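Topology and contacts: notes
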Protein chains: 2
Amino acid sequence: MKSYTLMTPGPVPLPPEVLEIMARPMEHHRTPEFVQLFNRVLANLKKVFLTEEPVFIHTSTGSGGMESALVNCLSPGDEVISIVSGKFGERWADMAEVYGAKVTRIEVPWGQVVRREQVEDALRKQPNAVAVLCQACETSTGVLHPIRELAQLTKNHRAVLMVDAITAMGALPLPMDEWGLDVLIAGSQKAFMLPTGLSFISFSKKAWKLTETSKCPKFYFDIRAEREANENGESLFSSAVTHVRALDLVLEIFLGQGMHRVYERIQALSKATIVAAREMGLEIFSSTPSPSLTAIKIPDGIDGQKVRAEMEKSFAVIVMGGQDQLKGKIIRIGHMGAIRDEDLIATLRALAGSINKMKLGAIDDAKVEAACTKASGILRETPAVVLKT
Amino acid sequence: MKSYTLMTPGPVPLPPEVLEIMARPMEHHRTPEFVQLFNRVLANLKKVFLTEEPVFIHTSTGSGGMESALVNCLSPGDEVISIVSGKFGERWADMAEVYGAKVTRIEVPWGQVVRREQVEDALRKQPNAVAVLCQACETSTGVLHPIRELAQLTKNHRAVLMVDAITAMGALPLPMDEWGLDVLIAGSQKAFMLPTGLSFISFSKKAWKLTETSKCPKFYFDIRAEREANENGESLFSSAVTHVRALDLVLEIFLGQGMHRVYERIQALSKATIVAAREMGLEIFSSTPSPSLTAIKIPDGIDGQKVRAEMEKSFAVIVMGGQDQLKGKIIRIGHMGAIRDEDLIATLRALAGSINKMKLGAIDDAKVEAACTKASGILRETPAVVLKT
């Protein structure tokens, strides 16, 4: 297997400690040892979500977590306001429709942030709305939405705020109880530095109320059944033991170091990328970039898909391109996971080198050097979280 | 972490090759290399399912696969016949009810096999039944149901036969197309020797017809959307890369060796366990034991839960006890996964030693020795499938 520098916004590079734990012999999820570990993990997840409510683990991708939010709270016919600012916003709105919700979409141009007034207006027009759906970070555009402000709006409204924080939780603070977030969803393969396979979800008291009357059918994602099982110390279905053990390690280290250190490192990678891109004369795509990833505009006349492919082929650096309407127009660099300073520098060089291959002299060599120097300086100030304890 | 001999009917002990591959660096599921691997895995799964129809991978436990079968084929109000012979039969019937099916349960005493006439009768009484649900192997009792016979009944009926083969697929032949099985479900943490986290599912032409009109809401488990994505070479949602890579290895080895060798080894472990248990004066709980696991009756007056705990504490051997109505009455020994001859022998000694600790002299030492000798002899004739190629 060829060795690549993985710089995508999920999955992310895993630290050696996580890889090592993935290779441990299998154990059974109903043994006392594993049950103890499982309960520690659930307790520690609450400390990352900053909530007094239980946090649950589904064996699923993030999309399974998004489905869990809907099927546990909604009933067919419910009015739902869905903020659609990219591919994942579209997916969630579509999903809500599949489950019978009457969805009003707040369409936000891709790369832009939702405006408070748009949501205020929608809530005013729909006093019976049951939920507002929003991505904290819309992975397809790199935008960070003003989740705290939105929570202030839903606080005085009937609707709950459901937050897809799959590409945000663990990368930036989203204190669930303090901000009043009602449903909060995370995924394993992002800032939690694990392989794809788990989603995490928590429900506020206001959201629990909805679960009491929700009429969407559910079984695999039935959160009330899961809660009952968890209260007896167990998972509802077989635990994905390998993932959960690795999650235990990551949470112990995160909380041992303090989440602020994890956030600071991701913030530093974001800042270094933005500063370096601008130094090289490139534009940032999103109006309010999330620290978890940076979407960079590919200069006009250059095919971003070819840039991405060239970065992979000639530099062994994997980034993501744009999806759907953004195909060929942006590349997206992730800042989560076990990213070393040199990984970002290699990515910046690969980006410049690949753009120059498409259009000779598009980025001046001196600018590339200056960009890398600035990026290195920023990263040096905030070293990677030491995982080995 | 203490080292245990894991002898449960899933999760199962993983071969070193699988553990090693779990520890490989993360890669992205949309890269050409992974897409190639993913498509090879899908093609190889068809060779294990022995079907011309596509086989799909969900990131979920086996229960997610059971849900996928229902939500993709059924509509609320559909008549369903559910064979309930243990905990997993109960779960599937409950699940079908959650999704609005009118479920008629064929109750089979736990440990017994369903009789052909029971199903024939039910189908006659319900000409409009849309599906018959049955476990191939009911994990909670160790019973193997006559799936081939049931398929002969559904072949001439409107109903499809849905088979939960989570604890059977890969452990015994279940040729989907030849037998006429309509929905076939498997799970990663059983005979496929992987950690928990994936389910596999395939639909016959008769079942595909149902998916066209099915009105159960679905998104995460939407098999028509998954099929469309797979036809474009990709998974619908993020792939659980780590698991899928390990699955690729297991399938290559299984198919390289021939599935008959995998089945023979599991059959030998089953036979050795049954012969040894009887030699020690113990009874087999199930009327028709599945090769994938053996449920052994704990002698009257002895608490099986204590036997299980003692096997763990004093012998570091992990087996499963009975669930619900069988609590304390049986122990279940798994025969899937990377089980060496000495693992089964250690399990037999642990079982006898633990029973004797509860009731001095319950099993004669000479009988234990004779049992182990017989078991060793049987296993020697059918060595474990060599994994290193």
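Sequence order sets the numbering: in each chain, residues are counted from 1 along the sequence as written. Chains carry letters and ligands carry numbers; both start at the beginning, A for chains and 1 for ligands, and go up in the order they are written. In keeping with the predicted nature of the model, local features appear solely for residues at pLDDT of at least 70, side-chain atom pairs appear and are counted solely at 80 or more, and the whole-chain, interface and lining totals rest on all residues.

**Remarks on the overall build of chain A**
In this text, helices come from DSSP runs of H or I with a minimum length of four residues, and strands from runs of E with a minimum of two, each type numbered from the N-terminal end. Assigned secondary structure in chain A consists of 14 helices and 14 strands. Taken over C-alpha atoms, the radius of gyration is set against a globule rule of 2.2 Å times the number of residues to the power 0.38. The C-alpha radius of gyration of chain A comes to 21 Å, within 12% of the 21 Å expected for a compact globule of 389 residues. Each of the three principal axes of chain A carries a C-alpha extent, and together these read 60 × 55 × 35 Å. Once C-beta atoms are placed from the backbone, each residue is buried if 20 or more other C-beta atoms lie within 10 Å of its own, exposed if 12 or fewer, and partly exposed for counts between those two. For chain A, with 389 residues in total, the buried portion stands at 57%. Note that contacts rest on C-beta atoms placed from the backbone: two residues are in contact if these are within 7 Å. When contacts within chain A are restricted to residue pairs at least 6 apart in sequence, long-range pairs at least 24 apart make up 73% of them.

**Focus: the domain arrangement of chain A**
Residue and element names in this part refer to chain A. When its domains are assigned, chain A resolves into domain 1 (5-10 + 258-381) and domain 2 (23-242). For each domain, the first and last residues come from an automatic or database assignment. The gap between the C-alpha centroids of domain 1 and domain 2 is 29 Å. Domain 1 puts 25 residues into the contact, and the matching count from domain 2 is 23 residues. Looking at the side of domain 1 that touches domain 2, the elements with two or more residues in it are helix 11 (259-279) and strand 11 (293-297). Residue contributions to the side of domain 1 that touches domain 2 peak at four residues, all from helix 11. Grouping the constituent residues of the side of domain 1 that touches domain 2 by class yields 13 nonpolar, ten polar and two charged. Each residue receives one of three labels: charged for Asp, Glu, Lys and Arg, nonpolar for Ala, Val, Leu, Ile, Met, Phe, Trp, Tyr, Cys and Pro, and polar for the others, Gly being one of them.

**Considerations on the interface of chain A and chain B**
Chain A puts 43 residues into the contact, and the matching count from chain B is 43 residues. Among the elements of the structure, helix 1 (16-22), helix 3 (62-73), helix 4 (87-98) and helix 10 (241-257) of chain A are those that each provide at least two residues to the side of chain A that touches chain B. For the side of chain A that touches chain B, a count of residues per class yields 23 nonpolar, 16 polar and four charged.

**Thoughts on the relation of the copies chain A and chain B**
Copies overlap after least-squares fitting; the atoms used are the C-alpha atoms of residues with pLDDT of at least 70 in both. When chain A is brought onto chain B, the operation consists of a screw motion whose angular component is 180° and whose axial shift is 0.0 Å, with 0.0 Å RMSD remaining. Look at the turn and shift together and you get a two-fold axis relating the two. Here 100% of the contact residues of chain A are again contact residues in chain B; the copies associate through an equivalent surface.

**A few points about the pairing of strand 14 (residues 330-334) of chain A**
Looking down a regular strand, the side chains alternate between one sheet face and the other. All names here are of chain A. In terms of residue burial, strand 14 counts as a mostly covered element, since five of its five residues are buried. Because side chains alternate across strand 14, one face comprises the buried residues I330, R332 and G334, and the other comprises I331 and I333, equally buried. Bridging between strand 11 and strand 14 involves five bridges; their strand directions are antiparallel. The residue bridging L293 from the neighbouring strand is G334, located in strand 14. Pairs of strands are assigned from DSSP output, requiring at least two bridges between the strands. In this structure, strand 13 (residues 320-321) lies alongside strand 14, joined through two bridges in antiparallel fashion. Counterpart to M320 in the pairing with strand 14 is R332.

**Remarks on helix 13 (residues 341-358) of chain B**
Residues and elements named next belong to chain B. Taking 1.5 Å as the rise per residue, helix 13 with 18 residues should run 26 Å; its terminal C-alpha atoms sit 26 Å apart, in good agreement. Along helix 13, the positions that sit buried rather than exposed are L344, T347, L348, A350, L351, A352, S354 and I355. The elements touched by buried residues of helix 13 are strand 1 (5-6), helix 11 (259-279), helix 12 (304-315), strand 12 (317-318), strand 14 (330-334) and helix 14 (365-381). To estimate the expected span of a helix, count its residues, drop one, and scale the result by 1.5 Å.

**Regarding the packing of helix 2 (residues 32-49) of chain A against helix 10 of chain A**
Residue and element names in this part refer to chain A. Convention adopted: a line fitted to C-alpha atoms gives each axis, helices being fitted over their contacting stretch, and angles between N-to-C directions are expressed from 0 to 180 degrees. The N-to-C vectors of helix 2 and helix 10 enclose an angle of 45°; their axes lie 9 Å apart at closest approach. When the axes of helix 2 and helix 10 are compared, the pair comes out oblique. Considering how the two elements wind past one another, helix 2 and helix 10 form a crossing that is left-handed. Seen from helix 2, the contacting residues are F34, L37, F38, R40, V41, N44, L45, K47 and V48; seen from helix 10, they are V241, V244, R245, L247, D248, L251, F254 and L255. Partitioning the contact of helix 2 with helix 10 into residue classes produces twelve nonpolar, one polar and four charged. When describing relative orientation, an angle under 35 degrees is termed roughly parallel and one over 145 degrees roughly antiparallel, while 65 to 115 degrees is termed roughly perpendicular and anything else oblique. Two helices crossing with the near one rotated counterclockwise from the far one by less than a right angle form a left-handed crossing, whereas a clockwise rotation gives a right-handed crossing.

**Details of the environment of P16 of chain A**
Looking at the element boundaries, P16 of chain A is found in helix 1. As for P16 of chain A and A338 of chain A, which are separated by 322 residues in sequence, their C-alpha atoms are 8.8 Å apart.

**Details of the sheet that holds strand 13 of chain A**
Spatially, 11-14-13 (chain A) is the arrangement adopted by the three strands of the open sheet, whose pairing is antiparallel. Pairing within the sheet leaves two strands with one partner each, and these edge strands are strand 11 and strand 13 of chain A.

**Quick word on the confidence of the model for chain A**
pLDDT is a per-residue confidence score from the predictor, ranging from 0 to 100. Averaged over chain A, the pLDDT score is 96; the fraction of residues at 70 or greater is 98%. In the predicted complex, the global pTM is 0.97; the interface-specific ipTM is 0.97.

**Description of unusual backbone geometry**
Residue and element names in this part refer to chain A. Cis geometry is found at the peptide bond from G10 to P11, where omega equals 0°. Residue placement: P11 occurs in the loop between strand 1 (5-6) and helix 1. A positive phi angle, close to 50°, is found at L50, a residue other than glycine. Inspection of the secondary structure assignment puts L50 in the loop between helix 2 and strand 2 (55-59).

**Some remarks on the sheet that holds strand 13 (residues 320-321) of chain B**
All names here are of chain B. Spatially, three strands are ordered 11-14-13 in an open sheet, and the strand pairing comes out antiparallel. Each having just a single partner strand, strand 11 (293-297) and strand 13 make up the two edges of the open sheet. Across the sheet, helix 12 lies against strand 13 and strand 14, angled at about 40° from strand 14, the strand it touches most.

**As for the environment of R224 of chain A**
Mapped onto the elements, R224 of chain A comes out in helix 9 (residues 223-231). Spatially, the C-alpha atom of R224 of chain A lies 9.0 Å from that of W208 of chain A, the residues being 16 residues apart in sequence.

**What about helix 4 of chain A?**
An α-helical turn contains 3.6 residues, so any two residues separated by three or four positions project in the same direction. Residues and elements named next belong to chain A. With twelve residues, helix 4 ought to run about 16 Å at 1.5 Å a step, and its terminal C-alpha atoms sit 17 Å apart, in line with that. F88, G89, W92, A93, M95 and A96 are the residues of helix 4 that are buried. Along helix 4, the residues classed as buried sweep out an arc of 160° about the axis, all on the same side. Buried residues in helix 4 make contact with helix 3, strand 3 (79-84), strand 4 (102-107), strand 5 (131-135), strand 6 (137-138) and strand 8 (160-164). Phi turns positive, to about 90°, at G100, one or two residues after helix 4. Arc definition: it is the arc formed by the directions from the helix axis to the C-beta atoms.

**Looking at the packing of helix 3 of chain A against helix 4 of chain A**
All names here are of chain A. Where helix 3 meets helix 4, the axes come as close as 10 Å, and the angle between the chain directions of the two elements is 45°. When the axes of helix 3 and helix 4 are compared, the pair comes out oblique. Remark: the crossing between helix 3 and helix 4 carries right-handed chirality. Listed contacts from helix 4 to S63, M66, E67 and L70 of helix 3 are R91, W92, M95 and A96. Residue composition of the contact of helix 3 with helix 4, by class: five nonpolar, one polar and two charged.

**Some remarks on the pairing of strand 4 of chain A**
Residue and element names in this part refer to chain A. Alignment of strand 3 against strand 4, held across six bridges, turns out to be parallel. Across the sheet, the residue bridging to S82 is R105, located in strand 4. Crossovers are described as right-handed under a simple rule: with the strands pointing away from the observer, the path leading from the first strand over the helix to the second runs clockwise. The parallel pair strand 3 and strand 4 is bridged by helix 4, and the resulting crossover is right-handed.

**Concerning the environment of D94 of chain A**
All names here are of chain A. On the secondary structure map, D94 appears in helix 4. By the C-beta count within 10 Å, which is 13 here, D94 ends up partly exposed. Separated by twelve residues in the primary sequence, D94 and S82 place their C-alpha atoms 9.5 Å from one another.

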